[in-house]
Amino acid sequence: MSETLIIPDFDNKDDNYKLIYQQAETMLGSETNRIANMANLCAILKYGMHFFWVGFYLVEHKELVLSVFQGPVACTRIAFGKGVCGKAWSTKQTLIVKDVEKFEGHIACSSLSKSEIVVPLFDHNNNCYGVLDVDSDKLNFFDQTDQRWLEKLVRLI
Ligand code: SME
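Keep in mind that what you see is a predicted model, and the values were worked out from it rather than measured. (Residues numbered from 1 in each chain as written. Predicted model: local features only at pLDDT ≥ 70, side-chain atom pairs only at ≥ 80, totals over all residues. Heavy atoms only, no water.)

Engineer: Honestly, the packing of aromatic side chains in this entry has me stumped. Any pointers?
Structural biologist: Here the distance between the centres and the angle between the planes together describe a pair of aromatic rings. This model, assessed by the stated rule, comprises eight aromatic pairs. Ring geometry for Phe51 against Phe142: centres 5.6 Å apart, planes inclined by 55 degrees, an arrangement best described as tilted. With a gap of 91 residues between them, Phe51 in the loop between helix H2 (34-49) and strand E1 (53-60) and Phe142 in the loop between strand E6 (128-136) and helix H4 (144-153) connect regions that are remote in the sequence. According to the relative accessible area criterion, Phe142 is buried, its value standing at 1%. For the ring pair Trp53 and Phe69, a centre distance of 5.3 Å and an interplane angle of 20 degrees mean the geometry is stacked. Of the two residues, Trp53 is situated in strand E1 and Phe69 in strand E2 (residues 63-70); the sequence distance between them amounts to 16 residues. Through a chain of ring-to-ring contacts, the aromatic side chains of Tyr17, Tyr21 and Trp149 assemble into a single cluster. Residue placement shows Arg34 over the ring face of Tyr129; its charged tip is 3.7 Å from the ring centre. Seen from the ring of Tyr21, Lys152 lies directly overhead, with NZ or CZ sitting 4.6 Å from the centre. (Phe/Tyr/Trp six-rings, centres within 6.5 Å; stacked < 30°, edge-to-face > 60°. Helix = DSSP H or I, 4+ residues; strand = E, 2+ residues; numbered from the N terminus. Buried < 20%, exposed > 50% of the residue type's maximum accessible area, 1.4 Å probe, protein only. Lys NZ or Arg CZ within 6 Å of the ring centre and 35° of its normal.)

As structure tokens, this is what we get:
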């Protein structure tokens, strides 16, 4: 089993993601269990990209329920359309929040979280079965590069 991915501190976010993707493709491509793949993707992103919080919420009836994650403790249930995660679920679109304090209805699991990106997850029938939620302790941390690569990475699960 390969060790935790050590990413050189590239200045270029894209270069970091290219290395991350190579490892994720190898690890997740050889595993069919969705939870195991989510768990490893959280570790790869947490330690490879130095994100503050990385985790998954999965759809259960009319709620998102906390699944595997890396980082401080988090809220366990989010209603459809509520918070950043619930809005990404309801709109089926990735949401980038540059300043969480300016997002109406933001659910603050940690006061250290300053910006966020949430990527909806789709199954083979294009149904949304959950979201990937990534928090940063820095303002305005996420951009289209993160969106492009995270949307590509969650398709490996
Ligand atoms: N901030 C999210 C809630 C999940 S915690 O960040 C892990 C939201 O507003 O949906």
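Read on for the rest.
Engineer: How do you make sense of the site of the ligand when you look at a structure like this?
Structural biologist: Close to the ligand lie 13 residues, the nearest being Val84, Cys85, Ile107, Cys109 and Asp135. Contact distances for the ligand include 3.3 Å between a nitrogen atom and a side-chain N or O atom of His106. The contact in question runs from a nitrogen atom of the ligand to an N or O atom on the backbone of Ile107, over 2.7 Å. Burial of the ligand by the protein chains amounts to 99% of its free accessible area of 310 Å². Secondary-structure elements contributing two or more residues to the shell around the ligand are E1, helix H3 (83-91) and E6. Ranked by residue count, the leading element in the shell around the ligand is H3, at three residues. Tallied by class, the residues present in the shell around the ligand amount to eight nonpolar, two polar and three charged. (Near = heavy atom within 4 Å. Polar contact = N/O pair within 3.5 Å; in protein donor to acceptor, adjacent residues only side chain to side chain. Areas by Shrake-Rupley, 256 points an atom, 1.4 Å probe, with all protein chains shown as cover. Nonpolar A, V, L, I, M, F, W, Y, C, P; charged D, E, K, R; others polar.)

Engineer: Just to check I follow, could you spell out the sheet that holds strand E5 (residues 115-122) for this structure?
Structural biologist: Adjacent strands of a sheet form backbone hydrogen bonds with each other and so pair up, either parallel or antiparallel. Ordered in space as E3-E2-E1-E6-E5-E4, the six strands form an open sheet in which the pairing is antiparallel. Each of the sheet's edge strands pairs with one partner strand only, and the pair in question is strand E3 (77-79) and strand E4 (95-97). Across the sheet, the mean angle separating the axes of adjacent strands is 25 degrees when strand polarity is ignored. Pairing analysis gives three bridges linking E2 to E3, with the strands arranged antiparallel. Across the sheet, Val65 pairs through a bridge with Arg77, a residue of E3. (Pairing = 2+ DSSP bridges. Axes fitted to C-alpha atoms, helices over the stretch in contact; angles between N-to-C directions.)

Honestly, that's just the spatial picture; any functional story needs more than this.
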